[in-house]
Amino acid sequence: YHIIITFYSIIMFIIKRDYVANELATGRSFIYFGLILNSLGIIAIFAILYNSVIAEKTIVVLIKILQKFNLAKNVKSETISKHILEYKTSLYEISNNKKILIIVSLLTTLQITVYFSVTYFVYLSLGLRKYSYFDILAVQTLLYMAVNFIPTPGNSGASEGGFYLLFALIFPHSVLLYAIVLWRLVVFYFNLLATGSIVLGDQILKRLKPKF
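Details of the overall build of the protein chain
Consideration 1: Helix and strand content of the protein chain: nine helices and zero strands.
Consideration 2: The principal-axis extents of the C-alpha atoms in the protein chain amount to approximately 60 × 55 × 45 Å.
Consideration 3: Among the 212 residues that make up the protein chain, the fraction classed as buried is 32%.
Consideration 4: Of the roughly 13,800 Å² that the protein chain leaves accessible, carbon and sulfur atoms contribute 69%.
Consideration 5: The positive charge centre, built from 19 side chains, and the negative charge centre, built from 9, are 5 Å apart in the protein chain.

Rendered as structure tokens:
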């Protein structure tokens with residue numbers, strides 16, 4: 001998922017680089033920072049897969065730096081080694097099964113495209129037709145990259161602020177706030193409601209199920 005969404009975003013960034021350079025002066029730094037961090041994430045994945053020793057040493061050094069600022073007090077080197085080994089094993093299992101890898105990659109690409117397409121249908125629902133589907137898909141992809149690294153639950157706050165900055169030229173100011181609310185209702189709060197209802201229903205059924 002991480003590899004595909006990063007390459008997906010880089011392609012969109014290249015295609016829409018003029019828009020980013022000329023129209024997104026405020027949000028440009030967030031987009032660049034997001035692209036850099038996600039690209040580093042890909043490097044880390046391949047480093048663990050092909051040279052886990054260097055990857056582990058690098059992570060240990062970073063953890064020690066964080067510990068000096070009291071940001072990683074309870075992280076132990078043994079725990080890091082364990083997680084890296086598990087991650088490496090999983091990567092090998094996936095990479096060695098080419099058929100599954102291709103299928104999952106295609107499904108992930110479809111998933112990302114559908115998720116990012118929600119903004120276009122929000123755009124249409126407000127009676128707007130000036131920009132094409134591809135224009136809005138590209139900007140939405142860049143928005144995801146810009147806020148993806150911000151550590152808030154569901155990127156709350158960052159997503160709304162980023163939407164306001166990046167889509168200010170696409171959505172008229174009179175409907176921009178409505179677009180933000182509608183978009184977040186579909187991509188975030190609806191998911192919370194749907195999955196929460198399933199979990200609640202599952203717990204109720206377990207309690208009502210006769211015990212033998």
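A short note on the pattern of salt bridges
Consideration 1: By the definition in use, this model includes two salt bridges.
Consideration 2: Salt-bridge contacts for Glu160 lead to Arg184; the nearest nitrogen and oxygen are separated by 2.9 Å. Of this pair, Glu160 sits in helix H8 (residues 158-166) while Arg184 sits in helix H9 (residues 173-208), and the two are 24 residues apart along the sequence. For the pair shown, Glu160 and Arg184 are each scored as buried.
Consideration 3: The partner of Lys206 in a salt bridge is Asp202, with the nearest N and O atoms 3.5 Å apart. Here Asp202 and Lys206 lie together in helix H9, a separation of four residues that amounts to about one turn.

Topic: the packing of helix H1 (residues 2-15) against helix H6 (residues 98-125)
Consideration 1: Where H1 contacts H6, the two axes come as close as 10 Å, and the packing angle between them is 55 degrees. With respect to H6, the element H1 is oriented oblique. Like other packed secondary-structure pairs, H1 and H6 cross with a definite hand, here right-handed. Side by side, H1 and H6 meet where Ile4, Ile5 and Tyr8 of the first sit next to Ser105, Thr108, Thr109, Ile112, Thr113 and Phe116 of the second.
Consideration 2: Per-class residue counts for the contact of H1 with H6 are five nonpolar, four polar and no charged.

Re the packing of H6 against helix H7 (residues 133-147)
Consideration 1: Where H6 meets H7, the closest approach of the two axes is 9 Å, and the angle between their N-to-C directions is 120 degrees. Taken together, the axes of H6 and H7 lie oblique to each other. The element H6 and its partner H7 pack so that their crossing is right-handed. Where H6 abuts H7, its residues Thr113, Tyr115, Phe116, Ser117, Thr119, Tyr120 and Tyr123 lie against Tyr133, Ile136, Leu137, Gln140, Thr141 and Tyr144.
Consideration 2: In terms of residue class, the contact of H6 with H7 is built from eight nonpolar, five polar and no charged.

What to know about a nonpolar patch on the surface
Consideration 1: Taken together, the side chains of Tyr32, Phe33, Ile36, Leu37, Leu40 and Ile43 make up a nonpolar region of the molecular surface, amounting to roughly 560 Å² of accessible area.
Consideration 2: Overall, the relative accessible area of 36% leaves Tyr32 in the partly exposed class.

Re the side chain of Gln140
Consideration 1: Turning to its location among the elements, Gln140 is positioned in helix H7.
Consideration 2: There is a polar contact of 2.6 Å between the side chain of Gln140 and the side chain of Thr119.
Consideration 3: For Gln140, the contacting residues outside a window of four places in its chain are Phe116, Thr119, Phe163, Phe167 and Trp183.

Thoughts on the environment of Lys64
Consideration 1: Tracing the chain through its elements places Lys64 in helix H4 (residues 52-68).
Consideration 2: Placed 11 residues apart in sequence, Lys64 and Val75 show a C-alpha to C-alpha distance of 9.2 Å.

Focus on the nonpolar core
Consideration 1: Core analysis: the biggest nonpolar cluster contains 38 residues, and Phe163, Phe167, Ile170 and Phe171 have the highest contact counts within it.
Consideration 2: Elements with a contribution of two residues or more to this core: H1, helix H3 (28-50), H6, H7, H8 and H9.
Consideration 3: Here this core takes 10 residues from H7, the largest share from any one element.
Consideration 4: Membership of the second largest hydrophobic core comes to nine residues, among which are Ile45, Leu49, Val60 and Ile63.

Here we look at the packing of aromatic side chains
Consideration 1: In the structure shown here, the tally under the stated rule is 13 aromatic pairs.
Consideration 2: Seen in terms of ring centroids, Phe13 and Tyr32 are 5.8 Å apart; in terms of plane orientation they differ by 80 degrees. Their pairing is edge-to-face. Taken together, the residues Phe13 in helix H1 and Tyr32 in helix H3 connect sequence positions 19 residues apart.
Consideration 3: Between Tyr115 and Phe116, the aromatic rings sit 5.6 Å apart at their centres with planes inclined by 55 degrees, giving tilted as the arrangement.
Consideration 4: With relative accessibility at 33%, the residue Tyr115 sits in the partly exposed group.
Consideration 5: Each residue in the set Tyr120, Phe121, Tyr123, Tyr133, Phe163, Phe167, Phe171 and Trp183 is aromatic and connected to the rest through ring pairs, giving one cluster.
Consideration 6: The ring of Phe188 has Arg184 sitting right over it, with the charged end atom 4.5 Å from the ring centre.

Reading guide: rules and limits
Residues numbered from 1 in each chain as written. Predicted model: local features only at pLDDT ≥ 70, side-chain atom pairs only at ≥ 80, totals over all residues. Heavy atoms only, no water. Helix = DSSP H or I, 4+ residues; strand = E, 2+ residues; numbered from the N terminus. Buried < 20%, exposed > 50% of the residue type's maximum accessible area, 1.4 Å probe, protein only. Areas by Shrake-Rupley, 256 points an atom, 1.4 Å probe, with all protein chains shown as cover. Lys, Arg positive; Asp, Glu negative; His and termini not counted. Charge placed at Lys NZ, Arg CZ, Asp CG, Glu CD. Salt bridge = Lys/Arg side-chain N within 4 Å of Asp/Glu carboxyl O. Axes fitted to C-alpha atoms, helices over the stretch in contact; angles between N-to-C directions. Parallel < 35°, antiparallel > 145°, perpendicular 65-115°, else oblique. Left-handed = near helix turned anticlockwise from the far one by under 90°. Contact = heavy atoms within 4.5 Å. Nonpolar A, V, L, I, M, F, W, Y, C, P; charged D, E, K, R; others polar. Patch = residues over 30% accessible without salt bridge, like charges linked within 9 Å, V, L, I, M, F, W, Y side chains within 5 Å. Polar contact = N/O pair within 3.5 Å; in protein donor to acceptor, adjacent residues only side chain to side chain. Core = buried A, V, L, I, M, F, W, Y, C linked by side-chain atoms within 4.5 Å. Phe/Tyr/Trp six-rings, centres within 6.5 Å; stacked < 30°, edge-to-face > 60°. Lys NZ or Arg CZ within 6 Å of the ring centre and 35° of its normal.

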